[in-house]
Amino acid sequence: MKGKRILLGISGGIAAYKCCTLVRLLVKQGASVQVLMTPDAADFVSPLTLSVLSKNPVHANFKNNNHEWNNHVELALNADLMIIAPATANTIGKMAHGICDNLLLATYFSAKCTVMFAPAMDLDMHAHKAIQNNINTLTGYGNYIIPAESGELASGLSGTGRMAEPETIAAHIESYFKKKNTLKGKQVLITAGPTYEAIDPVRFIGNHSTGKMGLSLATAFAEEGANVVLICGPGVQQIALPKNITRIDVVAAAQMHEACLKHFKQSDITVMSAAVADYRPAEMASSKIKKKSNGLDLTLVKNPDILHDLGTKKSAKQLLIGFALETDNERQHAAEKLKRKNLDMIVLNSLNDKGAGFGTDTNKVTLLFKSKRTKALPLMSKLDVATEIVKEVISM
Ligand code: CTP
């Protein structure tokens, strides 16, 4: 972290007091910390304390006491990383919806560097759909979430909503800067999201996959310097991507198959995280099917198993990784898929695990390897799961 310029944006929540420890930890590791606060944050922690600890003036307003302008664009452009902690429901909402009514937000909207945010609020607020949607919007924009932790809250209630401890936040920052471009020069192929199989011009067979895991994987591989081709099914959020990720959008399994075949040969590492439809209608009606009788029979035919096909084409120096979403006899089914599809690793998702599966920001997976080794990971953000997968790929 030596010499890294870190912008710490503190918004007005009780967890703001923990930022004194966070600043100390970062400064101790050699980072240069610039603190920004929302006007309300100063009610929870003293700007003077933060200024002494960071060895820098603390900014809360667009102008300072000498009537000088605090240039948010300059602050934003000079930073290597911005971390917003605590990120209150209010600040998260404004970040998600482009509301820019203080210096912290203006700096956030001008930032070109990676932005991390550590939500902190009461449990029911945290669980509210509106707040979860805003958090999803922010991670969808490529921001990095340091998830709220479970425990005792300022209200006296207990549940998820506590800001991550300063040591945890510092560890996330440290591991972000530790990335060493280990995969520079490597070509990675990733699939994400569902496929839609057309029934007629307006209807399709699909599934609930959102592509979040695939987007997180693409980000994690790109952060290690790899060149990534990301093949997305329909509905995967359009987010700004770094230059070393090339996105290709497809709709049906057949198109995903074709795109995979085109890029597989050059790929050193392939990760199939897409939820590919196993079947498609035998025929697509050319016009909208009208409602006539009481029932409607659809004949479905099997789609190609893309991963299986890639497994048959794989060379000894290529790594092939699949996902398995199971509801029963999970490990056994995943191990069978690993073998049948000639994989090096399979990522097992169990729909029985709370917080795992489609649409959530978190995932709980078990990694199964060709060598028969297994590694069960705890519930963590999808980006952290992706980082763990990348670490395993690097060691392979
Ligand atoms: N997969 C694929 N092509 C398909 C179906 C699945 O490439 N037509 C890939 C998925 O991307 C995933 C892996 O195969 O990486 C396992 O997918 P999953 O749906 O769990 O298994 P299936 O092989 O479809 O078996 P089943 O549905 O019977 O569990």
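This is a predicted model, so every value here is computed, not measured.

(A) The arrangement of the sheet that holds strand 13 (residues 269-272) in detail. Judged by pairing direction, the sheet is mixed, and its eight strands sit side by side in the order 12-11-8-13-16-17-19-20 without closing on themselves. Edge positions in the sheet fall to strand 12 (245-249) and strand 20 (374-376), since each of these pairs with one other strand and no more. Within this sheet the neighbouring strands show an average axis-to-axis angle of 15°, counted without direction. Where strand 11 (residues 227-232) lies against strand 12, five bridges are found, and the strand directions are parallel. Paired with Leu 230 across the two strands is Arg 247, which belongs to strand 12. The strands touched by helix 10 (residues 253-264) within the sheet are strand 8 (187-192), strand 11, strand 12, strand 13 and strand 16 (319-326), with strand 8 carrying the most contacts at an inclination of about 170°.

(B) Representation of the domain arrangement of the protein chain in the model. For the protein chain, the domain assignment lists domain 1 (5-178) and domain 2 (187-285 + 296-395). Just the C-alpha atoms count here: the centres of domain 1 and domain 2 sit 33 Å apart. Across the contact, ten residues belong to domain 1 and nine residues belong to domain 2. Summing both partners gives a buried area of about 780 Å² for domain 1 against domain 2, and 50% of it is carried by carbon and sulfur. A per-residue breakdown of the area domain 1 buries against domain 2 is headed by Asn 136, Gly 140 and Tyr 144, which together make up 47% of the total. The tally of links from domain 1 across to domain 2 stands at two residue pairs in polar contact (both at pLDDT 80 or more).

(C) Quick look at the site of the ligand. As a structural note, the neighbourhood of the ligand is formed by 15 residues, with Met 272, Ala 274, Phe 323, Lys 337 and Lys 341 the closest of them. For the ligand, an oxygen atom lies 3.3 Å from a polar atom in the backbone of Leu 325. Starting from 560 Å² of accessible surface for the ligand in isolation, the protein chains cover 77%. Listed by contribution, the elements that provide at least two residues to the shell around the ligand are helix 11 (306-313) and strand 16. If one sorts the elements of the shell around the ligand by residue count, strand 16 sits on top with four residues. Of the residues contributing to the shell around the ligand, the split by class is ten nonpolar, one polar and four charged.

(D) The side chain of Ser 110, seen in detail. The topology assignment puts Ser 110 in helix 5 (residues 103-110). The exposure class assigned to Ser 110 is buried, which follows from its relative accessible area of 16%. Residue contacts for Ser 110: discarding those within four places in its chain leaves His 72, Val 73, Ala 76 and Leu 77.

(E) Highlighting the sheet that holds strand 1 (residues 5-10). Spatially, five strands are ordered 2-1-3-4-5 in an open sheet, and the strand pairing comes out parallel. Among the strands making up the open sheet, the edge pair consists of strand 2 (32-37) and strand 5 (144-145). The pairing of strand 1 with strand 3 (residues 81-87) spans four bridges and is parallel. Bridge pairing in strand 3 places Leu 7 opposite Met 82.

(F) Region of the structure containing the pattern of salt bridges. Scanning the entire structure with this criterion turns up 14 salt bridges. The closest approach of N and O atoms between Lys 313 and Asp 309, which form a salt bridge, is 2.6 Å. Of this pair, Lys 313 and Asp 309 are both found in helix 11, four residues apart, which corresponds to roughly one turn of the helix. A relative accessible area of 17% places Asp 309 in the buried class. Notably, a salt bridge pairs Lys 391 with Glu 388, separated by 3.3 Å at the nearest N-O pair. Of the two residues, Lys 391 and Glu 388 both sit in helix 13 (residues 382-395), three residues apart, roughly one turn of that helix. Residue Glu 388 is classed as buried on the basis of its relative accessible area, which comes to 17%. Each member of the salt-bridge network shares a partner with another, and the members are Arg 373, Lys 375, Glu 388, Lys 391 and Glu 392.

(G) Expanded view of the pairing of strand 6 (residues 149-152). In this sheet, strand 7 (residues 158-162) lies alongside strand 6 in antiparallel orientation, the contact comprising four bridges. The residue bridging Glu 152 from the neighbouring strand is Ser 158, located in strand 7. Counted between consecutive antiparallel strands, the loop separating strand 6 from strand 7 contains five residues, among which Gly 156 sits at a positive phi close to 95°.

(H) A look at unusual backbone geometry. The amide bond that connects Ala 85 to the next residue, Pro 86, takes the cis arrangement and shows omega of -10°. Mapped onto the fold, Pro 86 is located in strand 3. A positive phi angle, near 60°, is found at Lys 55, a position not held by glycine. With respect to the helices and strands, Lys 55 occurs in the loop between helix 2 (47-54) and helix 3 (72-77). In this structure, Asn 342 takes a positive phi of about 60° despite not being glycine. Within the secondary structure, Asn 342 sits in the loop between helix 12 (330-340) and strand 17 (345-350). Of the residues examined, Asn 342 reaches a relative accessible area of 31% and is grouped as partly exposed.

Rules used throughout
- Residues numbered from 1 in each chain as written.
- Predicted model: local features only at pLDDT ≥ 70, side-chain atom pairs only at ≥ 80, totals over all residues.
- Heavy atoms only, no water.
- Pairing = 2+ DSSP bridges.
- Helix = DSSP H or I, 4+ residues; strand = E, 2+ residues; numbered from the N terminus.
- Axes fitted to C-alpha atoms, helices over the stretch in contact; angles between N-to-C directions.
- Contact = heavy atoms within 4.5 Å.
- Domains from an automatic or database assignment.
- Buried area = accessible area lost by both parts, 1.4 Å probe.
- Polar contact = N/O pair within 3.5 Å; in protein donor to acceptor, adjacent residues only side chain to side chain.
- Near = heavy atom within 4 Å.
- Areas by Shrake-Rupley, 256 points an atom, 1.4 Å probe, with all protein chains shown as cover.
- Nonpolar A, V, L, I, M, F, W, Y, C, P; charged D, E, K, R; others polar.
- Buried < 20%, exposed > 50% of the residue type's maximum accessible area, 1.4 Å probe, protein only.
- Salt bridge = Lys/Arg side-chain N within 4 Å of Asp/Glu carboxyl O.

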